[in-house]
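Analysis of the macromolecular model
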Amino acid sequence: MAVLPIVTVPDPLLKKISKPVDKVDDKLRSFMDDMLETMYAAPGIGLAAVQVGKLLRILVIDIAPEGEDPNPMYFINPEITWTSEEMNTYNEGCLSIPEQYADIERPAECKIKFLDYDGNEQHIHAEGLLATCVQHEMDHLNGIVFIDYLSKIKRSIYVRKVKKLVKEKEA
Ligand code: NI
């Protein structure tokens, strides 16, 4: 396994649409293992493949609370098949927008259809943090990051802060 470099805003890659995976094989699983290790190392609770430079429709998520056993979830070619009318607001962050947070409103619950680590089709009904996290990560597959929901001015402030942060880390 390997920790991969994470792409940060304003990298144009983050605006691209990711492509569906056509085969779930050992090579793909090894990449997903790397994604998970990268997410844990960051640390974060969700990561989309585009964030490590691959335009593939893959997410890894682990929302297990600190101190509890890890519960890695892999979503290949995920599709949201239903969202609740009820909305929920979370203070979201993103590994591609390090150390910045904003309240984002999304449907409180959703149903997701996807392929798992072994390539088998699964359906889950997500609520709470998982529902938010899946929707946030799904946005990445469609070239959207959470700051795209903010005003242009706010967004440019966030991007400027991240650029500064990345520069400081490189120095
Ligand atoms: Ni994100």
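For the structure, see preceding data.
The structure contained in this document is the topic of the report that follows. All figures in this text were calculated on a predicted structure; none of them were measured in a lab. (Residues numbered from 1 in each chain as written. Predicted model: local features only at pLDDT ≥ 70, side-chain atom pairs only at ≥ 80, totals over all residues. Heavy atoms only, no water.)

**Things to note about the sheet that holds strand β7 (residues 121-127)**
What the 5 strands build is an open sheet, ordered β1-β2-β3-β6-β7; its pairing is antiparallel. Lying at the two open borders of the sheet, with one neighbouring strand each, are β1 (46-48) and β7. In this sheet, neighbouring strand axes are inclined to one another by 40 degrees on average, regardless of whether the strands run parallel or antiparallel. Where strand β2 (residues 58-61) and strand β3 (residues 73-83) come together, 4 bridges link them in antiparallel fashion. For V60, the partnering residue across the bridge sits in β3 and is Y74. Against the sheet, helix α2 (residues 128-141) contacts β1, β2, β3, β6 (109-115) and β7, and its axis sits at roughly 150 degrees relative to β2. (Pairing = 2+ DSSP bridges. Helix = DSSP H or I, 4+ residues; strand = E, 2+ residues; numbered from the N terminus. Axes fitted to C-alpha atoms, helices over the stretch in contact; angles between N-to-C directions. Contact = heavy atoms within 4.5 Å.)

**Some remarks on the pairing of β6**
The alternating pattern of β6 places C110, I112 and F114 on a buried face and E109, K111, K113 and L115 on a face that is not buried. Bridge count between β3 and β6: 5 bridges; the pairing is antiparallel. For T83, the partnering residue across the bridge sits in β6 and is C110. Here 7 bridges tie β6 to β7, and the two strands are oriented antiparallel to one another. From the neighbouring strand, L115 faces β7, where its bridge partner is E121. (Buried < 20%, exposed > 50% of the residue type's maximum accessible area, 1.4 Å probe, protein only.)

**Considerations on the coordination of the nickel ion**
Within the first shell, the nickel ion binds the protein through C94 (SG), H136 (NE2) and H140 (NE2), at distances of 2.1 to 2.3 Å. Along the chain, the residues donating to the nickel ion are arranged with the sequence spacing C-x41-H-x3-H. Remark: H140 and H136 occur in helix α2; sequence separation between them is 4 residues, near one turn of the helix. The same class applies to H136 and to H140, which are both buried. (Donors = N, O, S within 2.8 Å, 3.2 Å for Na, K, Ca; no water.)

**Some remarks on the pattern of salt bridges**
Per the stated rule, a full pass over the model turns up 7 salt bridges. Among the salt bridges present, the one from K15 reaches D148, with a minimum N-O distance of 3.9 Å. Here K15, found in the segment before α1 (26-41), pairs with D148, found in the loop between α2 and α3 (152-170); they are 133 residues apart in sequence, far enough to count as distant. Since its relative accessible area comes to 26%, D148 is described here as partly exposed. One salt bridge connects E168 with K164, and the closest N-O pair in it is separated by 3.8 Å. Separated by 4 residues within a single helix, E168 and K164 lie in helix α3, roughly one turn from each other. For E168, a relative accessible area of 49% puts it in the partly exposed group. Given a relative accessible area of 56%, K164 falls into the exposed group. When salt bridges with common partners are traced through the structure, they connect E92, R106 and D139 into a single cluster. (Salt bridge = Lys/Arg side-chain N within 4 Å of Asp/Glu carboxyl O.)

**Quick notes on the environment of G53**
Mapping G53 onto the fold places it in the loop between β1 and β2. Sequence-wise, G53 and R106 are 53 residues apart; in three dimensions their C-alpha atoms are separated by 26 Å. When sequence neighbours within four positions are dropped, the list of residues in contact with G53 reads V7 and L13.

**A word on the environment of Y90**
Examined against the element boundaries, Y90 turns out to sit in strand β4 (residues 87-92). In this structure Y90 comes out as partly exposed when scored by relative accessible area, which is 28%. Once the C-alpha coordinates of Y90 and Y40 are considered, the two residues, 50 residues apart in sequence, prove to be 21 Å apart. Discounting chain neighbours no more than four positions away, the residues touching Y90 are A102, D103, I104, G128, L129 and T132.

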